[in-house]
Amino acid sequence: MLFVGCDWSDKWLDFAVLDDAGAVLAERRINYADTPDPVAEYQAFLAPLERRWRSAVTGIEDTGILFARALAAAGMTVVHVDPTRAARHRSALGIAKSDRADARMLAAMVRAGICRPVVASSPDAQALRTLTHAHRAAVAARVEAAHSLRAALTRIWPAAVAAWPSRLGGLRNAQAMTVLAAAPGPRAASKLTRAQLAKLLRQAGRTRTVDDEAERLHLLFCRPAMLLDPHVEEAESMRIRDLVAVLDRAVSRATALEKDMHAHYIRQRHYPLISQIPGIGPVLGAYLLAEIGDRPEERFGSGRSLAAYAGVAPVTWASGTTTRVAFRRASSVHLRSTLHTASFSLAMQSPGAQHYYRRRRAAGDAHATALRKLGRRLLLCLYRCMSTGLPYDDAVAFNYDPGQPDAPTLQRRSPLDTDEIDHARELLAEPGATVVAVAKVLDVSTQTIYRHVLGRPRSA
């Protein structure tokens with residue numbers, strides 16, 4: 001059997017091959033620029049060394065680079081050597097830092113078993129992970145573009161920032177972007193007529209109460225406002241128009257990637273299990289499945305290892321009679337952030353999770369701590385469901401009997417308190433009052449008025 005250490009850089013790969021006795025059989029450097037297929041050249045390099053060269057174990061510090069992934073796809077065995085342990089090993093042995101010496105040291109570590117096997121997910125799961133990372137980047141770019149546009153509008157036209165409420169999408173609303181693209185400054189907006197505003201709103205896709213919305217925007221744009229010099233405002237308007245175009249492209253990009261991600265997500269074999277969890281929609285479900293993979297039992301071995309990978313398992317430091325429990329910082333950043341959001345969503349939709357969260361807060365845990373503990377509970381249940389194929393059961397996950405009278409029930413906080421409900425009823429009792437007008441006064445949706453004030457669904 002051959003043990004190979006691979007030290008990689010941006011331009012070349014250094015290899016050192018050891019046999020079972022630890023003797024160096026061969027060394028080689030492969031340049032990326034001079035080799036069209038480094039994997040084929042690497043296999044040709046191993047072939048004369050031993051008959052069973054295909055069983056060679058290749059150790060590398062970064063298994064995410066293209067060479068390592070292509071090598072695994074070609075059927076070769078690739079193992080991961082922790083860079084921190086490799087640095088400590090080099091320091092303990094007093095080995096000078098060089099590419100050739102590092103390749104020899106990595107081969108020796110692989111021969112000694114100081115490595116970890118790499119269990120790759122299926123190609124479908126790897127494709128989903130690539131799309132989820134692209135979607136994360138697109139969402140971050142969309143948020144940055146929206147913040148840049150908001151900051152630019154605040155500089156010359158603060159009224160436009162509050163023209164479209166955040167509950168309707170804010171500046172990311174298609175109507176907002178269409179109007180701002182046509183009139184990116186206060187002077188240009190004040191010249192728009194009601195008919196022009198209605199036409200812009202229809203172009204953006206609005207079909208209901210177009211004239212009312214056009215009237216509202218016309219009154220808002222015609223109010224007195226602080227104005228800059230016309231030449232300066234024209235330059236600022238050009239900047240805003242460009243930022244609107246950037247935001248429009250960012251929104252379209254995120255929407256398109258979300259559709260592609262969802263199409264890959266529903267093809268995963270664990271999709272029926274994850275989609276049954278309360279509060280876990282297609283985006284959060286795709287994020288979770290992409291980071292965990294579709295082979296969690298082979299990849300992690302236990303739910304505790306998966307929890308440690310996600311950063312929701314604490315680290316215990318013990319020395320003599322002193323024991324300290326600390327937050328685990330070495331973890332997957334993507335999975336930890338996704339789990340935080342998923343835990344919050346689960347607590348809003350699951351009776352057991354909500355009861356568990358309230359119990360942890362009553363015990364003195366902070367909000368983030370309670371969500372982290374809830375995320376660990378969710379991750380362990382998810383690992384069991386994916387390993388056994390059993391569907392998610394909220395009663396089993398949080399250990400309660402739904403048939404008992406003291407079973408947890410989902411408690412939702414009303415968006416309106418008692419005084420606001422009484423005030424809304426008084427407003428509705430006035431002649432000519434409408435649900436839309438009362439909803440605007442209280443800054444809530446019309447559905448909230450129908451459900452919490454009138455006590456009936458909107459369609460009734």
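Residues numbered from 1 in each chain as written. Predicted model: local features only at pLDDT ≥ 70, side-chain atom pairs only at ≥ 80, totals over all residues. Heavy atoms only, no water.

Helices and strands together make up the secondary structure of the protein chain, namely 22 helices and 8 strands. Relative to the compact-globule value of 23 Å for 460 residues, the protein chain shows a C-alpha radius of gyration of 30 Å, a clear excess of over 25%. If you line up the protein chain on its principal axes, its C-alpha atoms span 95 × 70 × 45 Å. Here the protein chain, with 460 residues, has 40% of them falling under the buried criterion. Across the protein chain, every contact between residues at least 6 apart in sequence was considered, and the portion connecting residues at least 24 apart equals 59%. Accessible area of the protein chain: about 25,400 Å², with a carbon and sulfur share of 53%. Each charge class in the protein chain was averaged separately, 61 positive and 45 negative side chains, and the resulting centres sit 2 Å apart. (Helix = DSSP H or I, 4+ residues; strand = E, 2+ residues; numbered from the N terminus. Rg over C-alpha atoms; globule rule 2.2 N^0.38 Å. Buried < 20%, exposed > 50% of the residue type's maximum accessible area, 1.4 Å probe, protein only. Contact = heavy atoms within 4.5 Å. Areas by Shrake-Rupley, 256 points an atom, 1.4 Å probe, with all protein chains shown as cover. Lys, Arg positive; Asp, Glu negative; His and termini not counted. Charge placed at Lys NZ, Arg CZ, Asp CG, Glu CD.)

With that settled, consider the UniProt feature "domain: Transposase IS116/IS110/IS902 C-terminal" (unreviewed entry) in the protein chain. Under the UniProt annotation, the feature "domain: Transposase IS116/IS110/IS902 C-terminal" (unreviewed entry) is placed at residues 273-358. Overall, residues 273-358 shows 60% helix and 12% strand. The separation of its end C-alpha atoms is 26 Å. (UniProt positions renumbered as here; feature names shortened; annotations may be inferred.)

A few words on the pairing of strand S1 (residues 3-8). Burial runs high along S1: 5 of the 6 residues are buried. Across 6 bridges, the pairing between S1 and strand S2 (residues 12-18) is antiparallel. Bridge pairing in S2 links Asp7 to Asp14. What sits between the antiparallel neighbours S1 and S2 is a turn of 3 residues. Of the strand pairs in this sheet, S1 and strand S4 (residues 57-60) are connected by 4 bridges, and their pairing is parallel. Looking at S4, one finds that Phe3 is bridged to Val57. (Pairing = 2+ DSSP bridges.)

Before going further, it helps to examine the environment of Gln268. With respect to the element layout, Gln268 can be found in the loop between helix H11 (230-265) and helix H12 (271-275). A relative accessible area of 6% places Gln268 in the buried class. A C-alpha to C-alpha distance of 9.9 Å links Gln268 and Ala290, two positions 22 residues apart in sequence. Excluding its chain neighbours within four sequence positions, the residues that come into contact with Gln268 are Asp124, Ala125, Leu128 and Leu289.

As a further point, take the UniProt feature "domain: Transposase IS110-like N-terminal" (unreviewed entry) in the protein chain. UniProt records the feature "domain: Transposase IS110-like N-terminal" (unreviewed entry) at residues 4-158, using the numbering of this structure. The distance from the first to the last C-alpha atom of residues 4-158 is 63 Å, and the span holds 50% helix and 19% strand.

Here the focus is the packing of helix H16 (residues 333-349) against helix H18 (residues 367-388). The packing of two helices is summarised by the inter-axis angle and the distance between the axes. Following both chains from N to C, one finds H16 and H18 inclined at 90°, their axes separated by 8 Å at the closest point. Judged by the inter-axis angle, H16 sits roughly perpendicular to H18. Contacts between H16 and H18 pair Leu339, His340, Ala342, Ser343, Phe344, Leu346 and Ala347 from the former with His367, Leu371, Leu374, Gly375, Leu378 and Leu379 from the latter. Its residues assigned to classes, the contact of H16 with H18 shows 9 nonpolar, 4 polar and no charged. (Axes fitted to C-alpha atoms, helices over the stretch in contact; angles between N-to-C directions. Parallel < 35°, antiparallel > 145°, perpendicular 65-115°, else oblique. Nonpolar A, V, L, I, M, F, W, Y, C, P; charged D, E, K, R; others polar.)

A word on a negative patch on the surface. A cluster of acidic side chains, namely Asp417, Asp419, Glu420, Asp422, Glu426 and Glu430, defines a negative patch on the protein surface. Among the secondary structure elements, Asp417 is positioned in the loop between helix H19 (394-397) and helix H20 (418-429). (Patch = residues over 30% accessible without salt bridge, like charges linked within 9 Å, V, L, I, M, F, W, Y side chains within 5 Å. Salt bridge = Lys/Arg side-chain N within 4 Å of Asp/Glu carboxyl O.)

Think of a sheet as strands paired side by side through backbone hydrogen bonds, with each pair either parallel or antiparallel. Read from one edge of the open sheet, 6 strands run S3-S2-S1-S4-S5-S6, paired in mixed fashion. Strands with a single pairing partner mark the edges of an open sheet, and in this sheet they are strand S3 (24-31) and strand S6 (116-117). Bridge count between strand S5 (residues 77-80) and S6: 2 bridges; the pairing is antiparallel. By the bridge assignment, His80 is partnered in S6 with Arg116. Its contacts with the sheet place helix H4 (residues 99-112) against S1, S2, S3, S4 and S5, and it is angled at close to 140° to S1.

Position of Glu236 among the secondary structure elements: in helix H11. Ignoring anything within four residues of it in the chain, the contact list for Glu236 reads Arg155 and Ile156.

On to the pattern of salt bridges. What the rule picks out here adds up to 16 salt bridges. Residue Arg129 pairs with Glu291 through a salt bridge whose shortest N-O separation is 3.5 Å. You can see Arg129 sitting in helix H5 (residues 123-156) and its partner Glu291 sitting in helix H13 (residues 282-292), a full 162 residues away along the chain. One continuous salt-bridge network, built from bridges that share partners, spans Asp14, Arg29 and Asp99.

Right, let's talk about the nonpolar core for a bit. Ranked by size, the top nonpolar core spans 48 residues in total, and within it Ile292, Leu346, Leu374, Tyr392 and Phe398 carry the most contacts. Contributions of two or more residues to this core are made by H5, H11, H13, helix H15 (303-310), H16, helix H17 (351-362), H18 and H19. The element contributing the most residues to this core is H18, with 10 residues. Residue contacts for Leu346: discarding those within four places in its chain leaves Ile277, Pro278, Ala353, Leu374, Leu378, Tyr392 and Phe398. In this structure, Val179, Leu192, Leu200 and Val251 belong to the second largest nonpolar core, which totals 34 residues. (Core = buried A, V, L, I, M, F, W, Y, C linked by side-chain atoms within 4.5 Å.)

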